[in-house]
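Commentary on secondary and tertiary structure
As a plain string of letters, each chain reads:
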Amino acid sequence: MRAHAIAVCLALAVVSRPAASAEQPPAPASAADERLVLTTNGSTLTGGSGGGGGSVTWLRNIDSGAVIGAGAEYQQIATEHWTTGVLTGSLALGQGNKTHLYAEVHEGAGDIGMHAFHYSLAAAGVLGTLTPRLSVQLEERRIDIDTSHGNLPKLGLSFQATPQLLASASYAYSVGGNLDAKLSTVRLDYSGKSLSGMAGVVWGPAAPAVFDLIGQVVRPGPSLKEGFVGIGKPVGRIGWLLVGDYQDVAGTKRTSITLACTVHLHAAGQPR
């Protein structure tokens, strides 16, 4: 189970998390406020085991174009678990906030039963508006988890089909290290006044291959097949998001449910 669980751990790291809405451009900073994002999740894993976890993140805009955040997260899969601290930030540039720079860092440690391991993930990217409907995303992600490491650059495109419907696609290809990840993502996001939704699929190799002493492949890197769907609804100053996610990593299947709650603490122009 160790090899399968660490492969799932890597898949979670290299795939943009559905609940984080990483594939679509962030909301304009002028619409942001101070808020607290709480998530909890539970999952089942092939073999009768499972896991769960949660996170807490504080976000605040420091001016009309910059947002900072800090938090912590914990995740457990079978007998493996890890805890990380998280720092995030984004900056809107240009008239009309047509370009966004963003970055995130996850640093922590975990245990896979046989030994402890270091967990490090850092990402930085830029989102630019090409036309009123078309946006492009360039991202670089550095991953160091247990004995796996490498860079994962990504190119993404987003098309605003209607004022409420956003379609996006991206491709990530690992460079250097031993990740051997080649991931394609297709996603749809709907944003209405009282209801929002999203759905998408991800596929491709997501973890390192195993080599022998002379460099021949003993076991190819496991491929990921993933599908997710979510629905969100604001209730007063609280936004709720429920996401269902299914992953198949080389026959190891993980089904999870995540509930995210965004509490708007101090909206712009309101007294503290």
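The numbers attached to residues start from 1 for each chain and follow its sequence in the written order. Side-chain atom pairs in this predicted model are given and counted only at pLDDT of 80 or more, local residue features only at pLDDT of at least 70, and totals for whole chains, interfaces and linings cover all residues. The basis for every side-chain value is the complete set of heavy atoms in the structure, and neither hydrogens nor water enter the calculation.

We count a salt bridge whenever a side-chain nitrogen from Lys or Arg sits within 4 Å of a carboxyl oxygen from Asp or Glu. With the rule as written, the count across this model stands at seven salt bridges. A salt bridge links glutamate 104 to arginine 141, with the nearest nitrogen and oxygen atoms 3.8 Å apart. Linking glutamate 104 in strand 5 (residues 99-111) with arginine 141 in strand 7 (residues 134-145), this pair joins segments that are 37 residues apart in sequence. Residues joined in a network through salt bridges with shared partners are Glu104, Glu139, Arg141 and Lys154. Helix and strand labels come from DSSP, where a helix needs a run of H or I of at least four residues and a strand needs a run of E of at least two; each type is numbered from the N terminus.

Turning our attention to the nonpolar core. Within the largest apolar cluster, eleven residues are counted, these being Leu45, Ile77, Ala78, Trp82, Ile112, Phe117, Tyr119, Leu121, Ile143, Ile145 and Leu179. For this core, the elements supplying multiple residues, two or more each, are strand 6 (116-129) and strand 7. Ranked by residues supplied to this core, first place goes to strand 6 with three residues. Counting six residues, the second largest nonpolar core, distinct from the first, contains Leu183, Ala206, Leu224 and Val249. Buried residues of nine kinds, namely Ala, Val, Leu, Ile, Met, Phe, Trp, Tyr and Cys, make up a nonpolar core once their side-chain atoms join them within 4.5 Å. Under the scheme applied here, a residue whose accessible area is under 20% of the maximum for its type counts as buried, over 50% as exposed, and between as partly exposed, the area being computed with a 1.4 Å probe on protein chains only.

The next thing to look at is the environment of leucine 188. Mapping leucine 188 onto the fold places it in strand 11 (residues 182-191). Taking the C-alpha atoms as reference points, leucine 188 and leucine 165, 23 residues apart in sequence, are found 7.1 Å from one another. Any pair of residues with heavy atoms lying within 4.5 Å of one another is described as a contacting pair. If we skip the residues at most four places from it in the chain, leucine 188 touches Leu166, Ala167, Gly197, Met198 and Ala199.

Looking now at unusual backbone geometry. Residues other than glycine predominantly adopt negative phi, and peptide bonds predominantly adopt the trans conformation. Not every positive phi belongs to a glycine, and aspartate 146 is a case in point at roughly 55°. Relative to the assigned elements, aspartate 146 resides in the loop between strand 7 and strand 8 (148-151). Even without being glycine, aspartate 180 reaches a positive phi, approximately 55°. Turning to its location among the elements, aspartate 180 is positioned in the loop between strand 10 (165-173) and strand 11.

Sheet faces and side chains relate simply in a regular strand, where the side chains alternate between the two faces. Residues of strand 8 alternate between two faces, with Ser148 and Gly150 buried on one and His149 and Asn151 left unburied on the opposite face. Two strands pair under a simple rule: DSSP has to find at least two bridges between them. With four bridges joining them, strand 7 and strand 8 adopt antiparallel strand pairing. Considered in strand 8, the bridge of aspartate 144 is made with histidine 149. Turn length for the strand 7-strand 8 hairpin, with the two strands adjacent in sequence and antiparallel, is two residues, and the turn residue aspartate 146 shows positive phi of about 55°.

A separate point is the environment of glycine 227. Structurally, glycine 227 can be placed in strand 15 (residues 223-235). Distance in space between the C-alpha atoms of glycine 227 and alanine 199 is 7.6 Å, their sequence separation being 28 residues.

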